[in-house]
Amino acid sequence: HIQDPASQRLTWNKPPKSVLVIKKIRDASLLQPFKELCVYLTEENNMIVYVEKKVLEDPAIANDENFGPVKKKFCTFREDYDDISNQIDFIICLGGDGTLLYASSLFQGSVPPVMAFHLGSLGFLTPFNFENFQSQVTQVIEGNAALVLRSRLKVKVVKEHREKSTVQNGIEENGVVSANLEKEVGKQIMQYQVLNEVVVDRGPSSYLSNVDVFLDGHLITTVQGDGVIVSTPTGSTAYAAAAGASMIHPNVPAIMITPICPHSLSFRPIVVPAGVELKIMLSPDARNTAWVSFDGRKRQEICHGDSISITTSCYPLPSICFRDPVSDWFESLAECLHWNVRKKQNNFAVEEEE
């Protein structure tokens, strides 16, 4: 059934006890907000605070004696080594949109609700301002907040295995840990959860990219150009918007296919239903390989015989709203892109009757 976005609310089965705080690293302006937030969470709310190990290695935090007692209470983890997916009740992000994308990448399954504070350069995905963080965090802990479920893409990359290597206990012969990796005979399979977009491009080659796009097993088109973007509605205001796509509200169940600089006058961006399976492969007569990245990360080369399968994930990212899903989205368009802002026409002056 069709659900009214305004009816999506955050409710807790039991009061939250643990929170993951994600801070943009190498940003001195976030040190004070980070410290204030952590003190408030640990001392005022008795929350268990998880912080990434590399955040605490910042000299400004490591050498702050006043912050020492709070820091001792933290639980720490390392990306790609420690699994915290079942230990977090909700997430607080301090930074720009990139911090929320990073939070998404940490949870390849179910994602806890995310509260994102706008302390970066853009702010499409970060509706909260930090000035009144105490009252806003308290409302979230009490379960008084609206939610928007941001759909993600489930991506499977299948590569023809071209080098001999064996996997024992998750470690290849060359000593590289095979995280998120399965091995079949002659094939290498990797899976990703993507919040914004999958980008397939021509990489360093001077030739046009030449990739075939299949939808539910049917060849729908060949992309000749700089590449193609497959994005979620959340990603429609990111790279896809810059490439000429429409902007789609995150509550719309859809997947967007947007060409990057197509060598065709009639290749327009299209929107397909959520749940279809897209498959992208190099065309048999492609002159060069292609490259793929996932939310701007894990960039890798795609060769002949490799494939990228994309569909809607069953694990969306629950994003906590400042007001509601509609108001937040249109305010972000106005704030970040100055959408539909122009000088207004003057009205006609009404001549006064004598």
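Remember, predicted model here, so these are calculated numbers, not experimental data.

Regarding the pairing of strand 4 (residues 90-95)
The side chains of a regular strand alternate between the sheet's two faces.
Okay, so step 1: The buried count for strand 4 comes to six of six residues, which makes it a mostly enclosed element.
Okay, so step 2: A two-sided burial pattern is seen for strand 4, the buried positions comprising F90, I92 and L94 on one face and I91, C93 and G95 on the other.
Okay, so step 3: Here strand 1 (residues 18-23) pairs with strand 4 via five bridges, running parallel. Across the sheet, V19 pairs through a bridge with F90, a residue of strand 4.
Okay, so step 4: Direction of pairing for strand 4 relative to strand 5 (residues 114-118): parallel, over a ladder of five bridges. Bridge pairing in strand 5 links I91 to V114.

What to know about the packing of helix 1 (residues 31-44) against helix 6 (residues 133-141)
Okay, so step 1: Contact geometry for helix 1 and helix 6: axes closest at 11 Å, N-to-C directions at 45°. Here helix 1 is positioned oblique relative to helix 6, judged by the angle of their axes. Regarding helix 1 and helix 6, the two cross each other, and that crossing is right-handed. In this structure, helix 1 contributes E36, L37, Y40 and L41 to the contact, and helix 6 contributes F133, Q134, V137 and T138.
Okay, so step 2: Split into classes, the residues belonging to the contact of helix 1 with helix 6 amount to five nonpolar, two polar and one charged.

What counts, and at which threshold
- Residues numbered from 1 in each chain as written.
- Predicted model: local features only at pLDDT ≥ 70, side-chain atom pairs only at ≥ 80, totals over all residues.
- Heavy atoms only, no water.
- Buried < 20%, exposed > 50% of the residue type's maximum accessible area, 1.4 Å probe, protein only.
- Helix = DSSP H or I, 4+ residues; strand = E, 2+ residues; numbered from the N terminus.
- Pairing = 2+ DSSP bridges.
- Axes fitted to C-alpha atoms, helices over the stretch in contact; angles between N-to-C directions.
- Parallel < 35°, antiparallel > 145°, perpendicular 65-115°, else oblique.
- Left-handed = near helix turned anticlockwise from the far one by under 90°.
- Contact = heavy atoms within 4.5 Å.
- Nonpolar A, V, L, I, M, F, W, Y, C, P; charged D, E, K, R; others polar.

The analysis is restricted to geometry; functional conclusions fall outside its scope.
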